[in-house]
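# Residue-level structural notes
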2 protein chains.
Amino acid sequence: MERSIPELKERIRAGRGRLPAHKVIRGGKLVNVMSSEIYPADVAVYGDMIAAVGDVEAYIGPDTQIIDAQGRYLVPGMIDGHIHSECSKLSITSYAKAVVPHGTTSMISGLDEYISVSGLEGLREVLAEVKASPLKVFWGAPYKTPYTVPQSTVAYNFTKETHAQVQQWPECFGVWETVREFIREEDEDTLGAISQAFHNRLPVFGCAPMARGNDLNGYLCAGVRLDHESYDHEEVVEKMRKGMHMLIRESCVTHFLKENIRAVTEVNPAFARRVSFCTDDVTATDILSKGHLDNVVRLAIEAGVDPMTAIQMATINSAEAYRIDHLVGSICPGRIADILFVDDLHKFNIERVMTNGNMVAEDQRLSYDLKAPERSPVLKGALKCAPTTPDTFTYHVGIQNGTAEVLAMDVKGPFVRKRRDVTLKVENGVVLPDPEQDVALVSVLERFGRNGNKSLAFCSGWKLKRGAMASSAAPDDNDLVVMGADPRDMSLAANYLIEQGGGQVVVANGEILEFLPLPVGGIVSDCEPAEMAAQEARIDAAARSLGSDLPNPMMYMFFLPITAIPDYAITDVGPVDYVNLTTFDPILKLTEG
Amino acid sequence: MERSIPELKERIRAGRGRLPAHKVIRGGKLVNVMSSEIYPADVAVYGDMIAAVGDVEAYIGPDTQIIDAQGRYLVPGMIDGHIHSECSKLSITSYAKAVVPHGTTSMISGLDEYISVSGLEGLREVLAEVKASPLKVFWGAPYKTPYTVPQSTVAYNFTKETHAQVQQWPECFGVWETVREFIREEDEDTLGAISQAFHNRLPVFGCAPMARGNDLNGYLCAGVRLDHESYDHEEVVEKMRKGMHMLIRESCVTHFLKENIRAVTEVNPAFARRVSFCTDDVTATDILSKGHLDNVVRLAIEAGVDPMTAIQMATINSAEAYRIDHLVGSICPGRIADILFVDDLHKFNIERVMTNGNMVAEDQRLSYDLKAPERSPVLKGALKCAPTTPDTFTYHVGIQNGTAEVLAMDVKGPFVRKRRDVTLKVENGVVLPDPEQDVALVSVLERFGRNGNKSLAFCSGWKLKRGAMASSAAPDDNDLVVMGADPRDMSLAANYLIEQGGGQVVVANGEILEFLPLPVGGIVSDCEPAEMAAQEARIDAAARSLGSDLPNPMMYMFFLPITAIPDYAITDVGPVDYVNLTTFDPILKLTEG
């Protein structure tokens, strides 16, 4: 964040009332998160800044617009402490349409998936898109890309040298999602990023699920400030006693609030001071049905947190965790004018939203027409993959006929894959997938034109009886993931996405059953959130028509390339053993006969 | 603060227990300021870092030193949130000897008086002295020097260009003491310093006594984060409701704690979260008789604050206000090992002190021999003043004989000077001071060899019957201040200090009554704190022997050049009217006769 001398002069004059306010909000009840008090107070807004709070009559000029708060509570705009908005498959513009009306006015994000598909050039384009949107992004520079061990392929390798450059950008507010293993293994890029962060006075954001004891101590000694992933409240308690700021994650796939908030409601209310919220991964469907941070606040209140404390968790606590409390998180002079008009502190229904000094949403909809920007070729480039053939997805082995004992990755939840040994038939030198035994083929194809890598392995849990599905959106690499019961359908699915320039597809028996286009980087779309929700419903229905009974078959598939999750994963370099951090051969044993 | 990749690796290994701890503290009760809990916990220390807290047996190696805490409370080292240690007339080395045994292990300081007398070269020398001491200084770069309006003379003018350079230094943690008037007047250097601070992600520390309403709003809109000077608790309440961190000042001359703490004890306990402490100006006498931050904690407890909250105010709250909570303020893995061993949380007697991982004090004394460094010529240079004559201090006017009505600066407290009109005799073209009417002469002489400025005016309140006194320590400029009833004694006093290379002196009837040497920059000494206290007692006794009944005649005198205090001051450019920020002519009217 930069402020020139002329800007400072203008701000000082506006603060003193020497320049009249552009807007004055009258008749609201201020939720003062700094003092934990609620009292009537008016607010004067100049440009994107809160100029004064309290009696602001002296700030009214002839052109000042008066906004009648009609007795509503004035709550600071909320901050999502850790979010990959790309996971929603919505562009920043579309994502803002979904979450801003629910009171989320700031988010902390690495925008890392944009980087993985389009490098710094694409990132700069997205940062420009952010500036034109009503949603603020406090960008954390990813500690590195890709996050995988062994290293997979992405469009751009973000290294410690990149940090030396981008940490100077005013949009950079820290180091994003520094995964525990990379610190434990003393990875040079990761430590280089942290070293730069000390130099540049930036906080280091963590990612340390299940870190306890000595392992946690080592992590903290590297200088990580906060964490957003704890599996139970005891883990939260240990991390907080050791000085971390804790974000409680309530995503569309992991619902941690109810368990984690027990650190505050059952163990010690004093922990509340450094607890905040994040949603990490959310879908359009989820936001439209439940809300966003407003829902998280409601859940916290239901769990026994008083409304003031819950609101502080969604606002000032996050701001303090990320050291952006001079900019956002409270309704105070000098802060950015992000203000929510709320009906009732228990129902917590967001009626109107001001961001950056502008009234932008009402009745949970954006109140103006926000257009997505034109995309440059770097973000709308086609998938740089050669077309595939059925043979691409055919598992050849060194025997002609017999059986193969294989290690299938068995999905046990969106982020957990366990070992399942299963015996498959070998015919004509090929290991056959087996729908009867719930064993499908899964492949990841490098799609940035860098090396043409492909991998092939076996998976269980999707119960695919036939067909295939594919996605060019697949965090964190966003290489092309293809899964299926049939190599011909798998090839068709992959080729269709290559032709269309990205998206998700379900095919069966040589036919496209459903296609969800993702034209921006192959990962997100500028469509309306409601349209995305409808498309998601259709694509999951199509996937289920292949036999799957998972809640989100496509999402469970596209998390497969994440190597930071126990016990197995698959990237373009091969199937990965998370425990040993190596690729592995899924063929355990071949028996001729 | 910098951390290289090899340093990070070593820290991670130490945190994980792969490198044995250098020291382990066993058998203490941890005062966990992060969780507001007290429980038994051991602490492993590696180098200057806390490696682990809790069960640390796994961190013990064959060479690990075991420190038995004997059931004492382990409290984080305390942080003085705003201090000009130079005002104590003790060098950093001597000051550390005074305050570290009382539990003050960190201080936030501008070291601005060193800068005013020795520029950046002297500052670098003092920063090196800090590193060799057990006391940490988190340096704030002064928003500018001098602080005076109209501008007086110092050895080095700290400008916005200086900020562009020094804000890059790892020792720089913010912008120091940004005085309200300079923001209100939109001073270019001040706004340049703030603009640089936004760029460099540094907080801006404030100084806004009596700022309220629109004036406070304008100040906050410039981006100031905290303040250390409020005259009553209502002022504290307004500033905190508007989002400031508040330091309560308890100095040797202004005792604000009892009044300001009412914001917490009477108005709203929730304010406690952002309240911390500072001492601003203290003397050796004061520290030896009352203690330092330990005393402030005791005063807060006496005023009704519970001990945990009072300790948080002295530790983590300050650290958060200054954004140094990743380094100090709590006993957590990865933080600097500053640990106090405390007998009882109400008596709050500091028995032993660890700083930077070393046991350095016991029974309120440093437990090792700390030597001051050799000083370079930049810090031990003689006063660059030409010798004076009695005529230097003789007030000539345009009439031969008669009367002069003069505006005398009448001291009403250490920091308050009011107008007093008084009629003096004119004899032989000279206005005579008048001990009977309590009117003395006061002069400030530029002493850096830059321009030879001198001023002369009249003052009241010291009740000097005879003689003179002088000081080369006189914040914030540290020009040479001379006060007296007799121009001959004034000249002798000034010349004696010039000869000696700095200090404070009291003379009468042509004789030196008492001299307090200040050989380092003419402002501080490397003597022991007890020796300084004895010298202070003697010099004030000598000043009182001239007739003064002020509690600290010398200190009241040397605050006279501070122009930021109502209503009058005097610098080398002349007597200053604080309200209009101009020099003024003290001669109101001349009458011949």
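Residues numbered from 1 in each chain as written. Chains lettered and ligands numbered in written order. Predicted model: local features only at pLDDT ≥ 70, side-chain atom pairs only at ≥ 80, totals over all residues. Heavy atoms only, no water.

### Brief notes about the sheet that holds strand β4 (residues 42–46) of chain A
All names here are of chain A. An order of β5-β4-β1-β6 is seen for the four strands of this open sheet, with the pairing classed as mixed. Each of the sheet's edge strands pairs with one partner strand only, and the pair in question is β5 (49–54) and β6 (65–68). Neighbouring strand axes in the sheet, compared pairwise and without regard to direction, differ in orientation by 20° on average. Bridging between strand β1 (residues 23–26) and β4 involves three bridges; their strand directions are antiparallel. Paired with lysine 23 across the bridge in β4 is valine 45. Here helix α1 (residues 5–16) sits on the sheet and contacts β4 and β5; the angle it forms with β5, its principal contact strand, is near 20°. (Pairing = 2+ DSSP bridges. Helix = DSSP H or I, 4+ residues; strand = E, 2+ residues; numbered from the N terminus. Axes fitted to C-alpha atoms, helices over the stretch in contact; angles between N-to-C directions. Contact = heavy atoms within 4.5 Å.)

### Quick notes on the interface of chain B and chain A
Each partner contributes residues to the interface: chain B has 71 residues there, and chain A has 71 residues. Together chain B and chain A conceal approximately 6,100 Å² of surface at their shared face, both sides included; 47% is due to carbon and sulfur atoms. Interface area lost by chain B to chain A is led by Arg201, Cys221 and Arg273 of chain B, which between them contribute 12%. Counting across the interface, chain B meets chain A through 14 salt bridges. Arginine 273 of chain A is the salt-bridge partner of glutamate 320 of chain B, the closest N and O atoms lying 2.7 Å from each other. Linking chain B to chain A there are 47 residue pairs in polar contact (both at pLDDT 80 or more). Among the elements of the structure, α1 (5–16), β3 (37–40), β5 (49–54), α5 (180–184), α6 (188–199), α7 (213–221), α8 (233–241) and α14 (316–321) of chain B are those that each provide at least two residues to the side of chain B that touches chain A. (Buried area = accessible area lost by both parts, 1.4 Å probe. Salt bridge = Lys/Arg side-chain N within 4 Å of Asp/Glu carboxyl O. Polar contact = N/O pair within 3.5 Å; in protein donor to acceptor, adjacent residues only side chain to side chain.)

### Some details on the pairing of strand β21 (residues 402–411) of chain A
All names here are of chain A. Counted residue by residue, β21 has eight buried out of ten residues, so it is predominantly covered. Pairing of β21 with strand β22 (residues 417–427), which is carried by ten bridges, proceeds in the antiparallel orientation. Its bridge partner being in β22, valine 411 is matched across the sheet by arginine 417. In this structure, the hairpin formed by β21 and β22 is closed by a connection of five residues, where glycine 413 is found at a positive phi of approximately 150°. Sheet topology note: the β21/strand β33 (residues 587–592) ladder contains five bridges and is antiparallel. Looking across to β33, one finds that glycine 402 is bridged to glutamate 592. Here β21 runs beside strand β25 (residues 454–460); their pairing, made up of two bridges, is parallel. Residue pairing in the sheet places aspartate 410 in a bridge with serine 460 of β25. (Buried < 20%, exposed > 50% of the residue type's maximum accessible area, 1.4 Å probe, protein only.)

### Some remarks on the relation of the copies chain B and chain A
Superposition of chain B onto chain A requires a rotation of 180° combined with a translation of 0.0 Å along the rotation axis, giving an RMSD of 0.0 Å. With respect to symmetry, the two chain copies, as superposed, fit the operation of a two-fold axis. If distances are taken from each C-alpha of chain B to the rotation axis, the shortest is found for arginine 201 of chain B, at 3.3 Å. Here 100% of the interface residues in chain B have copies in chain A that are interface residues too; the copies meet face to matching face. (Least-squares fit on C-alpha atoms with pLDDT ≥ 70 in both.)

### A few points about the packing of aromatic side chains
By the definition in use, this model includes 26 aromatic pairs over all chains. On the basis of an interplanar angle of 40° and a centroid distance of 4.4 Å, the ring pair of phenylalanine 415 of chain A and phenylalanine 559 of chain A is categorised as tilted. Pair noted here: phenylalanine 415 of chain A is in the loop between β21 and β22 and phenylalanine 559 of chain A is in the loop between α18 (553–558) and β30 (568–571), with a separation of 144 residues, a long-range link. Overall, the relative accessible area of 11% leaves phenylalanine 415 of chain A in the buried class. Using a relative accessible area of 1% as the deciding quantity, one classes phenylalanine 559 of chain A as buried. Connected via pairs of aromatic rings, a cluster forms that spans Trp139, Tyr156, Phe158 and Trp169 of chain A. Against the face of tyrosine 73 of chain A rests lysine 29 of chain A, its NZ or CZ located 4.5 Å from the ring centre. Positioned above the aromatic ring of tryptophan 169 of chain B, the side-chain terminus of arginine 124 of chain B is 4.4 Å from the ring centre. (Phe/Tyr/Trp six-rings, centres within 6.5 Å; stacked < 30°, edge-to-face > 60°. Lys NZ or Arg CZ within 6 Å of the ring centre and 35° of its normal.)

### With respect to the pairing of strand β15 (residues 275–278) of chain A
Residues and elements named next belong to chain A. Residues of β15 alternate between two faces, with Val275 and Phe277 on one and Ser276 and Cys278 on the opposite face, all of them buried. Bridge count between strand β14 (residues 245–249) and β15: four bridges; the pairing is parallel. The residue bridging methionine 246 from the neighbouring strand is valine 275, located in β15.

### What to know about the pattern of salt bridges
Scanning the model with the defined rule gives 81 salt bridges over all chains in all. Among the ionic pairs, arginine 419 of chain A bridges to aspartate 421 of chain A, the shortest N-O distance being 2.8 Å. The exposure class of aspartate 421 of chain A is partly exposed, given its relative accessible area of 38%. With its nearest N and O atoms 2.5 Å apart, the salt bridge here joins glutamate 238 of chain B to arginine 212 of chain B. One end of the pair, glutamate 238 of chain B, is in helix α8; the other, arginine 212 of chain B, is in the loop between β12 (204–207) and α7, and 26 residues separate them in sequence. For glutamate 238 of chain B, a relative accessible area of 16% translates into the label buried.

### Here we look at the packing of helix α6 (residues 188–199) of chain A against α1 of chain B
Running from N to C, α6 of chain A and α1 of chain B cross one another at 105°; their axes reach a closest spacing of 9 Å. Viewed along their axes, α6 of chain A and α1 of chain B adopt a mutual orientation that is roughly perpendicular. Packed against α6 of chain A, whose contacting residues are Glu188, Leu191, Gly192, Ile194, Ser195 and Phe198 of chain A, the element α1 of chain B presents Ile5, Leu8, Lys9 and Ile12 of chain B at the interface. When grouped by side-chain class, the residues that make up the contact of α6 of chain A with α1 of chain B number six nonpolar, two polar and two charged. (Parallel < 35°, antiparallel > 145°, perpendicular 65-115°, else oblique. Nonpolar A, V, L, I, M, F, W, Y, C, P; charged D, E, K, R; others polar.)

### Here's the deal with the confidence of the model for chain A
Keep in mind that low pLDDT regions are not for reading the predicted coordinates in detail. For chain A, the average pLDDT comes to 97, and 100% of its residues sit at 70 or higher. Two numbers describe this predicted complex: its pTM, 0.96, and its ipTM, 0.95. (pLDDT = per-residue confidence, 0-100.)

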